[in-house]
Amino acid sequence: QKEVEQNSGPLSVPEGAIASLNCTYSDRGSQSFFWYRQYSGKSPELIMFIYSNGDKEDGRFTAQLNKASQYVSLLIRDSQPSDSATYLCAVTPAGNEKLTFGTGTRLTIIP
Amino acid sequence: EAGVAQSPRYKIIEKRQSVAFWCNPISGHATLYWYQQILGQGPKLLIQFQNNGVVDDSQLPKDRFSAERLKGVDSTLKIQPAKLEDSAVYLCASRPAGDTQYFGPGTRLTVL
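Residues numbered from 1 in each chain as written. Chains lettered and ligands numbered in written order. Predicted model: local features only at pLDDT ≥ 70, side-chain atom pairs only at ≥ 80, totals over all residues. Heavy atoms only, no water.

### Regarding the state of the cysteines
Residues and elements named next belong to chain A.
Here is step 1 of the chain: Summed over all chains, the structure comprises two disulfides over all chains.
Here is step 2 of the chain: A disulfide bridge connects Cys23 with Cys89, and the sulfur atoms are separated by 2.1 Å. In this structure, the disulfide formed by Cys23 and Cys89 twists by about -70 degrees around the S-S bond and is classed as left-handed. On the criterion of sequence distance, the pair formed by Cys23 in strand S3 (residues 19–25) and Cys89 in strand S9 (residues 85–93) is long-range, its members being 66 residues apart. Summarising the burial analysis for this pair, Cys23 and Cys89 share the class buried. (Disulfide = S-S within 2.5 Å. Helix = DSSP H or I, 4+ residues; strand = E, 2+ residues; numbered from the N terminus. Buried < 20%, exposed > 50% of the residue type's maximum accessible area, 1.4 Å probe, protein only.)

Shown next, in the form of structure tokens:
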């Protein structure tokens, strides 16, 4: 079982709709959860991080964490063509700064 | 504030040759990471430095990869000899205490 699993996509969403990206992790002791966006040929950039169960909102982005289900998601509201990218989920275990990444989900926003 | 700098941006070599990558982290960032990102995969941590000491190199193929961080600032990652499967983007990231990682632009390595 992979440590961090994501659907590789591609996920196609119409412009203006909500894009929903999902991630599951295997280490129940994981403590911190991150979403990175990576444009083709570019390096990852941090969008959001979440530590506690529940929702965390930042502009059009909402991260959701359910530690009991070992599940973290990212919602993008009012999707824009500029949101087209690969979204990487990353997890750190308790007491460790090491990021373990999923394989990423490729998102395409259709104008 | 200047970001993480890496060079070269692109490198093409033949298998069994040697190659070195350089990283200059953001000023004041004590922690430095090297990741390998193979096409279609997420970044995989190769080595983590705290100042000039190694914190984690459990996924570094030590028979061919080496890394150093002299004086706790710049870092170099070397591959000797390179294999075809080393073709990837090599990302350097740095992190200040209590904050998240900032990635450099990466070096794209092609091994022929």
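So, next bit.
### Here we look at the nonpolar core
Here is step 1 of the chain: Counting residues in each nonpolar core, the largest one holds 23 residues, and the members touching the most others are A:Trp35, A:Val72, A:Leu74, A:Ile76 and A:Tyr87.
Here is step 2 of the chain: Elements that contribute at least two residues to this core include exactly S3, strand S4 (30–38), strand S5 (45–50), strand S7 (61–66), strand S8 (71–76), S9 and strand S11 (105–110) of chain A.
Here is step 3 of the chain: In this view, A:Val72 contacts A:Leu21, A:Asn22, A:Cys23, A:Phe33, A:Trp35, A:Ile50, A:Gln64, A:Leu65 and A:Cys89; residues no more than four positions away in its chain are not counted.
Here is step 4 of the chain: If you look at the next biggest cluster of nonpolar residues, it comprises 21 residues, including B:Val4, B:Phe49, B:Ile79 and B:Cys92. (Core = buried A, V, L, I, M, F, W, Y, C linked by side-chain atoms within 4.5 Å. Contact = heavy atoms within 4.5 Å.)

### Some words on the packing of aromatic side chains
Here is step 1 of the chain: Taken as a whole and judged by the stated rule, the model has 11 aromatic pairs over all chains.
Here is step 2 of the chain: Here the aromatic cluster, defined as three or more aromatic residues joined through ring pairs, consists of A:Tyr36, A:Phe101, B:Tyr33, B:Tyr35 and B:Phe103.
Here is step 3 of the chain: Across from the ring centre of A:Phe49, 3.6 Å away, lies the NZ or CZ of A:Lys56, which sits over that ring. (Phe/Tyr/Trp six-rings, centres within 6.5 Å; stacked < 30°, edge-to-face > 60°. Lys NZ or Arg CZ within 6 Å of the ring centre and 35° of its normal.)

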